[in-house]
Amino acid sequence: MRIWVDLTNTAHVLVLRPLVELLERDGHEVEITARPLSHTLELLDDWGHDYTALGAYGGVSRVGKARAAVGRVAEMLRFGRGRGFDAAMAHGSTDLPMACRVLRIPNSTMFDYEWAALQHHVNCRLANRVLVPDAIPAERLARYGARPPKLIRYPGLKEEYYMADFEPDPAVLEALGVNRELLLCVVRTAPSYALYLGGSETPLLPRVLQHVVENEGAQAVVLARTPEQRQAIHALGLERVIVPERAVDGRSLVAFADALVSAGGTMNREAAVLGTPVWSIFEGRLGAVDETLAREGRLRFLKDPAEIKIERKPPGRTEERVRRDPRKLLELALPWVYPGLA
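The shown structure was predicted, so the numbers you read here are calculated from the model rather than taken from an experiment. (Residues numbered from 1 in each chain as written. Predicted model: local features only at pLDDT ≥ 70, side-chain atom pairs only at ≥ 80, totals over all residues. Heavy atoms only, no water.)

Draft legend 1. Representation of the overall build of the chain in the model. In terms of helices and strands, the chain carries 13 helices and 13 strands. Overall size of the chain, expressed as C-alpha extent along the three principal axes, is 60 × 40 × 40 Å. When burial is assessed residue by residue, the chain has 57% of its 342 residues classed as buried. Look at the contacts in the chain between residues 6 or more apart in sequence, and 63% of them connect residues 24 or more apart. With an accessible surface of roughly 14,500 Å², the chain has 50% of that area assigned to carbon and sulfur atoms. When the 44 basic and 44 acidic side-chain charges of the chain are each reduced to a single mean position, those positions are 7 Å apart. (Helix = DSSP H or I, 4+ residues; strand = E, 2+ residues; numbered from the N terminus. Buried < 20%, exposed > 50% of the residue type's maximum accessible area, 1.4 Å probe, protein only. Contact = heavy atoms within 4.5 Å. Areas by Shrake-Rupley, 256 points an atom, 1.4 Å probe, with all protein chains shown as cover. Lys, Arg positive; Asp, Glu negative; His and termini not counted. Charge placed at Lys NZ, Arg CZ, Asp CG, Glu CD.)

What follows is the structure, given as structure tokens:
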């Protein structure tokens, strides 16, 4: 079969890559479209899979995002028409369900943060299938039009599926010039371009960095999402702070880190799965997945940088993680390709 996969953010490349590779291993043909945002295209280039870049970033305002969405959906329609796609899937793309509804292509959408309301009101109604972790209560999704049998709640975290075969590569430490003798704290900036954050850049972040390097004596690798964020970190003038200029192997970095402080979502959950202590400085409404991780003691919420205490991560924590078969997720996502298995 011919499958269309749309990637609209950096994390989506990691989430869907093993599913794409399984599809192609099974003999299916996959075409990828991608939105130029953050490090999405860089990760695709590193992967080496062919893709077609469509659309542009519309800014943080509702008006700008709406204009960008209209333009990108038009491009998606031109791309998808006449290509004979049998099915499509995405994680968080609002554009793919719109295009697929017009083109009558059965499609699935996935997400694991339930409070991106505008996005989900569109995706859940237009997609044929909605996949979420079972940590998210079904009643939180009903208002979006996501109800069984369209709604499928899968066990565990998405990170347990796409990192099932992942083994950390120490080459990322050498490439960044990380001193292995020092404690390592990875810091992830906010997805300020997300509508639900409205451009917020997490004012706590400079104090976090200052505490990590000056009080904890650690070095920090800051994974910024935009050039403006990188410039702001450089302007702080702090020692032992590394700010990569392009996408790096963030999963390996988190696996080797002694701590993560993050304003995002996916990297927090990667750290929780990989056994790395993680403090969240996310400023949006708390989602069910993070509520669950917090109850389990695998995620903490930071209000004061002085709460951060960094200790050497014990060996073996990464190997002890839960690993789930990504094929199970693929079969749930594409029942049109794998009938009778989902």
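Draft legend 2. Broad picture of the sheet that holds strand 11 (residues 259-262). A sheet is described by the order of its strands in space; here six strands give the open sequence 10-9-8-11-12-13, paired in parallel fashion. Strands with a single pairing partner mark the edges of an open sheet, and in this sheet they are strand 10 (241-242) and strand 13 (300-301). Relative to strand 12 (residues 278-280), strand 11 is paired through three bridges, and the arrangement is parallel. By the bridge assignment for strand 12, V261 is matched with W279. (Pairing = 2+ DSSP bridges.)

Draft legend 3. Fine view of unusual backbone geometry. Each neighbour pair has its own omega, and for P148 with P149 the value is 5°, a cis peptide bond. Note on placement: P149 falls in the loop between strand 6 (129-133) and strand 7 (151-154). Residue S38 is not a glycine yet carries a positive backbone phi of 55°. Turning to its location among the elements, S38 is positioned in the loop between strand 2 (29-34) and helix 2 (40-47).

Draft legend 4. Spotlight on the packing of aromatic side chains. Applying the stated criterion across every chain yields a total of five aromatic pairs. Considering the side-chain rings of F79 and F85, the 6.2 Å spacing of their centres and the 25° angle between planes classify their relative orientation as stacked. On the accessibility criterion, F79 (7% relative accessible area) is buried. Note on F85: relative accessible area 9%, which makes it buried. Geometrically, the ring pair formed by Y113 and F282 is edge-to-face, given 5.7 Å between the ring centres and 85° between the ring planes. Here F282 lies in the loop between strand 12 and helix 12 (288-295) and Y113 lies in the loop between strand 5 (107-110) and helix 5 (117-126), a separation of 169 residues in the sequence. The exposure class assigned to Y113 is buried, which follows from its relative accessible area of 12%. On the basis of relative accessible area, F282 is assigned to the buried category, the value being 19%. (Phe/Tyr/Trp six-rings, centres within 6.5 Å; stacked < 30°, edge-to-face > 60°.)

Draft legend 5. Highlighting the nonpolar core. Core analysis: the biggest nonpolar cluster contains 73 residues, and V5, L23, M89, L253 and L334 have the highest contact counts within it. In terms of residue count, the dominant contributor to this core is helix 1 (residues 10-25) (seven residues). Leaving out residues up to four positions away in the same chain, M89 has contacts with W4, V5, D6, L19, L23, L96, S108, M110, L330, A333 and L334. Counting 23 residues, the second largest nonpolar core, distinct from the first, contains V208, A220, V243 and I308. (Core = buried A, V, L, I, M, F, W, Y, C linked by side-chain atoms within 4.5 Å.)

Draft legend 6. The state of the cysteines, seen in detail. One pass over the structure, following the stated rule, counts zero disulfides. Distance from the sulfur of C100, which forms no disulfide, to the nearest cysteine sulfur (C124) is 15 Å. Looking at C100, the relative accessible area reads 1%, which means it is buried. (Disulfide = S-S within 2.5 Å.)

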